[in-house]
Amino acid sequence: MTVALIEGAGGLTTGGIIRHMQQAGLRVVCVDSAPSSAALYLADCGRVIPPAPPGDYLEAVREVCRQQGVALAFPTVPATLIEWSRQSERFAADGISVVVSPPETIAVCEDKWLFYEHFRESGVPLPQTSLRGEFPLIKPRRGHGGSGVFLASQPVDMTGRISQEFLEGEEFSADVLCDFSGAIVVRCIRKRLRSVLGAAVAGETVDHPEIAAVVDRICNELTFIGPVNLQFIQTTRGVICTEVNPRPGGGVALSMAASTGNWFTALLAAGQGRLAAPLHSRSGLYLTRYYAEVTAEAARSGPRPPDAEQGCFASGARGLQTFSEALQSPCLSCPASPCCRFLILQRLAIEDLQAVDHARYLLNFKRIRLGLGRDGNWSVLYEQPCQFLDPASALCRI
């Protein structure tokens, strides 16, 4: 099984991304600096890495990758993105493909003034922008999530800031996936119906040829690898591109769900040198969000940290055990578990009535069972308990 790493367990979007990674058959390792980050418990393995300068932080991540056999790394945190890109060749030497855009692309997109200068002569529709306080909307040159953005009613210190015209209209986002050559695999456009702290919490996928054309133009002029998020406002003079981020957007889960194939399956194919078949996106899909809880055993002060020997959290959906507890009795708390009782014969895709009929036919055979995994996939199982399994205690006799 291919192992993939994702960072930013405390992010709003990480849980949804992890789900799509697992649906692609990946074993997911998640890293974050806060032990309370929910996605550490949603992943197959969670590691806490103390806050550190980007270079030291990535060295610690490399060590996690080596320990866990990671083959695909998926950066998401804006503050470390360019350092990931600069060090991608070091990760490649360890056999790890980093899904990140080139440093020069990240540098242009992270600096709003550089982005404006790069694209203002190319025909990309942009808001009027200045390094002086000529316009009412004040933004940091480098920033994300709406932090530090305000409307100025009086002169302000413009150090490290830009000013832009204030635009009114409907907000849209475009989520794009590019392969390792920079070619677009899929493009999905969604209307932002509601957002909190810059992240979409409600949206709907739409067809918008004008935005699609601008997206293609930008992606042809800059080389992107992996996910890209572009933001637009529909004004009376047409669509205006307000921002481009070479990383997953806050509502990317909707775009992933609207795509005809799994993004990570496409990335795996591209990483193995196979041509990633273009995916398509369907309009009319709606997303809304709600808070969900993750429960886990706690140590004396907060959530249980990773065991020093094991180095991983177990998935919260499967319950948590320390490494010593798992060694002592891995099956003690699950006497009805299929572990050591069934053999998986094959995967079974149940997508239509004909497949349902075939599944019912298989159940006519002795000891054949069907199993539904937590990833939503069906398997054909053969019931044959291991000879070393004690039926009374559900423990191994070896």
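Cut-offs and rules
- Residues numbered from 1 in each chain as written.
- Predicted model: local features only at pLDDT ≥ 70, side-chain atom pairs only at ≥ 80, totals over all residues.
- Heavy atoms only, no water.
- Salt bridge = Lys/Arg side-chain N within 4 Å of Asp/Glu carboxyl O.
- Helix = DSSP H or I, 4+ residues; strand = E, 2+ residues; numbered from the N terminus.
- Buried < 20%, exposed > 50% of the residue type's maximum accessible area, 1.4 Å probe, protein only.
- Lys, Arg positive; Asp, Glu negative; His and termini not counted.
- Polar contact = N/O pair within 3.5 Å; in protein donor to acceptor, adjacent residues only side chain to side chain.
- Contact = heavy atoms within 4.5 Å.
- Pairing = 2+ DSSP bridges.
- Axes fitted to C-alpha atoms, helices over the stretch in contact; angles between N-to-C directions.

Asker: Can you walk me through the pattern of salt bridges in this structure?
Answerer: Pairs can form between side chains of opposite charge whenever their charged atoms are close. Under the definition given, this model contains 17 salt bridges. Where Arg192 meets Glu171, a salt bridge forms, and the shortest distance between an N and an O atom there is 3.7 Å. Taken together, the positions of Arg192 in strand S11 (residues 184–196) and Glu171 in strand S10 (residues 170–178) put the pair 21 residues apart, joining distant regions of the chain. A relative accessible area of 13% places Arg192 in the buried class. A residue is classified by how much of its surface remains accessible, and Glu171, at 38% relative accessible area, is partly exposed. The residue Arg190 makes a salt bridge to Asp175 at a minimum N-O spacing of 2.6 Å. Taken together, the residues Arg190 in strand S11 and Asp175 in strand S10 connect sequence positions 15 residues apart. Comparing Arg190 with Asp175, the two get one shared label, buried. It is possible to trace a salt-bridge network through shared partners that takes in Glu59, Arg62, Glu63, Arg66, Arg90 and Asp94.

Asker: Would you explain unusual backbone geometry in this entry?
Answerer: The phi angle of most residues is negative, glycine excepted, and most peptide bonds adopt the trans form. A positive phi angle is found at Arg367, which is not glycine, with a value near 70 degrees. Taking the relative accessible area as the measure of exposure, Arg367 reaches 35% and is therefore partly exposed.

Asker: Before we go on, may I ask you to explain the side chain of Glu7 in this structure?
Answerer: Structurally, Glu7 is set in strand S1 (residues 3–7). There is no salt bridge for the buried Glu7, and the closest opposite charge comes from Arg247, which lies 9.3 Å off by N-O distance. At 3.1 Å, the side chain of Glu7 and the backbone nitrogen of Val77 are in polar contact. Within the local environment of Glu7, its side chain forms a polar contact with the side chain of Trp84, the two groups lying 3.1 Å apart. Residues within four places of Glu7 in sequence aside, it is in contact with Thr14, Val31, Tyr57, Phe74, Pro75, Thr76, Val77, Thr80 and Trp84.

Asker: What am I meant to see in the sheet that holds strand S17 (residues 368–372) here?
Answerer: Note on sheets: strands pair through backbone hydrogen bonds, and any given pair is parallel or antiparallel. Ordered by their spatial adjacency, three strands build an open sheet running S16-S18-S17, and the pairing between neighbours is antiparallel. Edge positions in the open sheet fall to strand S16 (342–348) and S17, since each of these has one partner strand only. The sheet shows a mean angle of 35 degrees between the axes of neighbouring strands, direction not considered. Pairing of S17 with strand S18 (residues 378–383), which is carried by five bridges, proceeds in the antiparallel orientation. Note on S18: the bridge partner recorded for Leu372 is Trp378.

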